[in-house]
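This is what each chain is made of:
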Amino acid sequence: MTAATAVPSAPVVARRRGLPPALASALPPLVLVVVALLLWELAVRALEIPAFLLPAPSAIGAEFARLTPQIVEASVATGTNALLGLVISAVVAVLLAIAASGARVVDGMLAPVVVALAVVPIAAVAPVFYIMFGSSSETGRVIVVAIAVFVPVFVNALRGLRQVSPVHRELLRALNITGWRAVRTVTVPTALPFVFTGLRQASSLAVISALVSEYFGGPKTGIGSQITTAASGSNYAQAWAFVLGAIVTGLAFYLVTLALERVVSRHRPSP
Amino acid sequence: MTIIIDTPERLDTTTDAVSVDGVTRIFSARKRGAADVVALSDVSLTVHAGEFVSLIGPSGCGKSTLLRQIADLDQPDAGSVSVFGKTARRARLDQDYGIAFQQAGLLPWRTVSQNIALPLQMHRERGLDVAARVRELIELVGLGDFADRYPDQLSGGMQQRVAIARSLARNPKLLLMDEPFGALDEMTRERMQSELLRICGETGAAVVFVTHSIPEAVFLSHRVVVMSPRPGRVKEVVVMERAGAPVGSDAVRDDAAFFRGVTAVREALHDGAAAGQGVENR
Ligand SMILES: Nc1ncnc2c1ncn2[C@@H]1O[C@H](COP(=O)(O)OP(=O)(O)OP(=O)(O)O)[C@@H](O)[C@H]1O
Ligand SMILES: [Mg+2]
């Protein structure tokens, strides 16, 4: 609504330059990427860099095109683990943050747990989970993701829950809105942009953790397993094609959470 | 024009909308070495049912603090407050008053109509058509075209009007308003003043109204309470002579009595002629 009324002049300006605004802002980074790829290609060919050091972008691109179905499949497998871990952990983190903001005792109980979770070395616990849940199970990976994303979501949510302004506190009191109703009508809506900022920060972490956990065993379904397999088989361009797939997956998570954050932050103060 | 030093004594306190009795509120200094702030010192004030009382005084003299004692948003260190014969707390729990804060205090994630509906949703009344009531209130404050806008899409004055509509939503018998018209242009302000008087006439609501504008206080009020700062206390209560005058008619603004009222309040504020009448001046 704001955008439509507030910036009627933007398209006019862009038209004068002859470019739609979205393209105009995307163009400079695109140019940079194309130039970098060209230089890379030239360098690999001119200096005859061996493939195990760095394959040419054209070779990676060819592998990516050939293996698209497998890359998509592996990305979906890794992405599913990341998404499950992210959602489960976020729900638990938000509920615990509400409890912590409501009762000092809970806050005191959780503070050391959060510190402990923050320093858990994910790489160290992954193999333990494979022993616990069996090496054909994805459960361990989901838990690894959940541990990794808990802290940023919890910390942001708790910060958001404490942002209720004095005048809103007085409004709640004057209207005699208490307990869970107060949490629902004011506290949670106030915290929501903060929660989604936490989710955005956690989104890349979720994909990275899901991927890294695959390096320590378990079913060979995800993109991390595919990268190790390709690399150990000396298929360097193929390994890089899967790395490209991992980047796209991470980017997708980031962009979706960023869009969600933008949507919930409309009309309200955000971090 | 009568100028009285204190509130007229009334025996029947149960019909009074507000009765503030010897209220003192001291904010203790957080930092060591800094002095405590005596926001209110032995303040007494009675507001009769249906009466319009304005609080006026320099910034920081405790007007908002006094309003907050009545609303039970803050408790006095000494003295007592009763609202409709109950404790302030009981009256708050019973939702006996509507309040408009100095800052509008709208919920930014709710639209104009959702903000106005808040008190109605929280305390449902049997058989009340909430949507219709909200529409009525929106028209009342002249925001008919903005029902679905969000607060960040409104000007400060428009936000204030939403807050006023919200305070009126449940037709309370007592309205507490903290500089509600401060952010409005002169024309809207005069219209809102007349509307407020009309509403009070219809609902019989008593009003405690904080303002910095002498003409506004005189135009609206039965009595104007003039306060002085440090320590915040009631310096004078000026009774307006508006018996018989049609409440809220714009003719009042040009009335000779209106100008006499303005002069009386101004003198009370500035320690003028009233100083010789046994008023405490500290
Ligand atoms: N919560 C608080 N803690 C400490 N001091 C406070 C608090 N609230 C108010 N005060 C002090 O009490 C005094 C009166 O404040 P109050 O807000 O009632 O003034 P006011 O008359 O409403 O002023 P204004 O016209 O500027 O709104 C001020 O000196 C203020 O600093
Ligand atoms: Mg004030």
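Residues numbered from 1 in each chain as written. Chains lettered and ligands numbered in written order. Predicted model: local features only at pLDDT ≥ 70, side-chain atom pairs only at ≥ 80, totals over all residues.

Asker: Hey, could you run me through the overall build of chain A in this one?
Answerer: Regarding its fold elements, chain A presents twelve helices and zero strands. Viewed in the frame of its principal axes, chain A has a C-alpha envelope of about 75 × 65 × 30 Å. A separation threshold of at least 6 residues defines the contact pool for chain A, and within that pool the share at least 24 residues apart is 76%. (Helix = DSSP H or I, 4+ residues; strand = E, 2+ residues; numbered from the N terminus. Contact = placed C-beta atoms within 7 Å.)

Asker: What's the story with the packing of helix 5 (residues 68-102) of chain A against helix 6 (residues 104-118) of chain A in this structure? I'm lost.
Answerer: The angle between the axes and the distance between the axes are what describe a pair of packed helices. Residues and elements named next belong to chain A. Where helix 5 contacts helix 6, the two axes come as close as 5 Å, and the packing angle between them is 130°. Considered as vectors, helix 5 and helix 6 are oriented oblique to each other. Here L96, A99 and A100 of helix 5 lie close against helix 6, whose contacting residues are V106, D107 and L110. Its residues assigned to classes, the contact of helix 5 with helix 6 comprises five nonpolar, no polar and one charged. (Axes fitted to C-alpha atoms, helices over the stretch in contact; angles between N-to-C directions. Parallel < 35°, antiparallel > 145°, perpendicular 65-115°, else oblique. Nonpolar A, V, L, I, M, F, W, Y, C, P; charged D, E, K, R; others polar.)

Asker: Looking at this model, I keep getting lost on the domain arrangement of chain B. Mind explaining?
Answerer: When the parts of a complex come together, some accessible area is lost, and that lost area is often taken as the interface size. All names here are of chain B. Per the domain assignment, the segments making up chain B are domain 1 (3-96 + 172-271) and domain 2 (108-171). Look at where the C-alpha atoms of domain 1 and domain 2 centre, and you get two points 25 Å apart. Residue-level contacts link twelve residues of domain 1 with ten residues of domain 2. Those elements that provide at least two residues to the side of domain 1 that touches domain 2 are strand 8 (174-178) and helix 6 (186-203). When residues of the side of domain 1 that touches domain 2 are assigned to their parent elements, the largest contribution, four residues, is made by helix 6. (Domains from an automatic or database assignment.)

Asker: I would appreciate a short explanation of the domain arrangement of chain A in the present structure.
Answerer: Partitioning chain A into structural domains gives domain 1 (2-47) and domain 2 (57-265). Between the C-alpha centres of domain 1 of chain A and domain 2 of chain A there is a distance of 31 Å.

Asker: What is the right way to read the confidence of the model for chain B from this model?
Answerer: Reading fine detail from the predicted coordinates is not recommended where pLDDT is low. All names here are of chain B. Within chain B, residue pLDDT values average 83, and 87% of them lie at 70 or more. Across residues 1-13, confidence stays below pLDDT 50; counting only partners more than four residues off in sequence or on other chains, it has 23 contacts. This stretch, residues 272-282, has a pLDDT under 50; its non-local contacts, to residues over four places away or in other chains, come to 14 contacts. Here the predicted complex scores 0.80 on pTM and 0.85 on ipTM. (pLDDT = per-residue confidence, 0-100.)

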